[in-house]
Amino acid sequence: DLFVNTAEILPEIYASPSAVLRERSPEIVPLESGCKSIFINKDGKDEQWHTATYYTKTGSKLRETFHSGKFGGFMGTPFSSEETCIVDGTVYYRSENVAKEAAAARALDCLAFRLKYSKLSVQFPGDDEPIRYCVELPHFELRSIHKNTHAPVYFWSCLMQAKYGPIDAKFELQSKHFESDNAGLEKGINETWYSASCLDHKTGEAFHSGVFSLGIGKSSFMPDAPTTPLPLEEVRILDNRVYYRDELVAKHAAAARAIDCYYFRSFPGEDSSKKIKKLCLEEPYEYLQDKHPNNYE
């Protein structure tokens, strides 16, 4: 099954992504040419490292490929402790076998992600979640691989494309200068901070950057890699707007706010607030006229 409850003890087969993939999708196989290897000099000694690729074996010329990912601790596999080297965005392992397992894991992550999120459903099947072996965010399709950012901007982009077709997510940025509290900078130096607005293409509704919830990493609505500790980002708040040091983080915060509101709206009724798994601390709202200033105090 591509959905599991990681709070429970998983069947032994899940310790080997390649075994799960052979059973679930036998048409996805490793390249016949085997692993790609490179030599990396570490401590004055050349060491051989390996990366692998799985692909969809069909009669079509267009075949989807899945490259070795970096194992995370999500599934509790022994591979999560394996050392990696990342060169030009490619993940390498010391062992060819582990590299192949990492490529199979990447394929499973994408298959499970698509199964649950392709229709952007927010009806969660109990405590079960899609399989997630690697820290890289699973992708829907080949053209979305370059958007692998582990963060809400990616999911919001998928949501907009599902609603309106192949369009890019639209954001607006505004900046403010705040006096720096960085001990490494001279006192009185101003730093530029950013707040973003995430826009719905059709309605024009804008969602401003929110303050990330501490539970964002565990949210079943937006699976997020622990390598992106968004809740730990510093914020500055002025005139009911939230600012971040980094433009991209500000966009993630706006996308998270938009996702919260869209999720909230999918549960009409008086008890809808009880069903919300928020990405931001701010309360979501259904209609713009229902939006109230946030009490950031």
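See the structure printed just above.
A. Representation of the overall build of the protein in the model. Summing up its helical and strand segments, the protein has four helices and 14 strands in all. Burial statistics for the protein: of 297 residues in total, 48% are counted as buried. In the form shown here, the protein has an accessible surface area of approximately 15,800 Å², with 50% of it arising from carbon and sulfur atoms.

B. The sheet that holds strand β10 (residues 170-179), seen in detail. In spatial order, the strands read β10-β11-β12; together these three strands make up an open sheet with antiparallel pairing. Of all strands in the sheet, those with a lone pairing partner are β10 and β12 (206-208), marking the two edges. Averaged over all adjacent pairs, the angle separating strand axes in this sheet is 30°, with direction ignored. Of the strand pairs in this sheet, β10 and strand β11 (residues 190-199) are connected by ten bridges, and their pairing is antiparallel. Across the sheet, the residue bridging to F178 is E191, located in β11. Running over the sheet, helix α3 (residues 152-164) touches β10, β11 and β12 and is turned about 25° from β11. Most of the contacts of helix α4 (residues 247-265) go to β11, to which it runs at about 30°, and overall it touches β10, β11 and β12.

C. Just the sheet that holds strand β5 (residues 53-56), in detail. Read from one edge of the open sheet, three strands run β2-β5-β6, paired in antiparallel fashion. Two strands bound the open sheet, and with one partner strand each, they are β2 (28-30) and β6 (65-67). Within the sheet, the average angular offset between the axes of one strand and its neighbour, ignoring direction, is 25°.

D. Spotlight on the nonpolar core. In terms of nonpolar packing, the biggest core is built from 30 residues, with L21, F71, I131 and Y133 touching the most fellow members. Among the secondary structure elements, those contributing two or more residues to this core are β1 (3-4), α1 (17-24), β8 (90-93) and α2 (96-117). Considering each element in turn, this core owes the most residues, eleven residues, to α2. Not counting the four nearest positions on each side in its chain, F71 is found in contact with P17, T77, F79, S80, Y93, V98, E101, A102, A105, Y133, C134 and V135. By size, the runner-up hydrophobic cluster in this structure holds 28 residues, among which are V211, A255, A256 and Y285.

E. Representation of the environment of L31. Position of L31 relative to the elements: it lies in the loop between β2 and β3 (36-42). Among the residues examined, L31 registers a relative accessible area of 24% and is labelled partly exposed. For the pair L31 and K100, spaced 69 residues apart in sequence, the C-alpha to C-alpha distance is 9.8 Å. The contact partners of L31, leaving out residues within four places of it in the chain, are T53, Y55 and R63.

F. Highlighting the packing of aromatic side chains. If you walk through the whole model with that rule in mind, you get nine aromatic pairs. Here the aromatic rings of F207 and Y262 are separated by 5.9 Å at their centres, their planes lie at 65°, and the arrangement is edge-to-face. Here the residue F207 occupies a position in strand β12, and Y262 occupies one in helix α4, the gap between them amounting to 55 residues. Take F207 and Y262: they sit in the same class, and that class is buried. The interplanar angle of 55° and the centroid separation of 5.7 Å between the aromatic rings of F212 and Y244 together place this pair among those described as tilted. Taken together, the residues F212 in the loop between β12 and β13 (236-238) and Y244 in the loop between β14 (241-243) and α4 connect sequence positions 32 residues apart. For the residue pair F212 and Y244, the accessibility class agrees, reading buried in each case.

Criteria and thresholds
Residues numbered from 1 in each chain as written. Predicted model: local features only at pLDDT ≥ 70, side-chain atom pairs only at ≥ 80, totals over all residues. Heavy atoms only, no water. Helix = DSSP H or I, 4+ residues; strand = E, 2+ residues; numbered from the N terminus. Buried < 20%, exposed > 50% of the residue type's maximum accessible area, 1.4 Å probe, protein only. Areas by Shrake-Rupley, 256 points an atom, 1.4 Å probe, with all protein chains shown as cover. Pairing = 2+ DSSP bridges. Axes fitted to C-alpha atoms, helices over the stretch in contact; angles between N-to-C directions. Contact = heavy atoms within 4.5 Å. Core = buried A, V, L, I, M, F, W, Y, C linked by side-chain atoms within 4.5 Å. Phe/Tyr/Trp six-rings, centres within 6.5 Å; stacked < 30°, edge-to-face > 60°.

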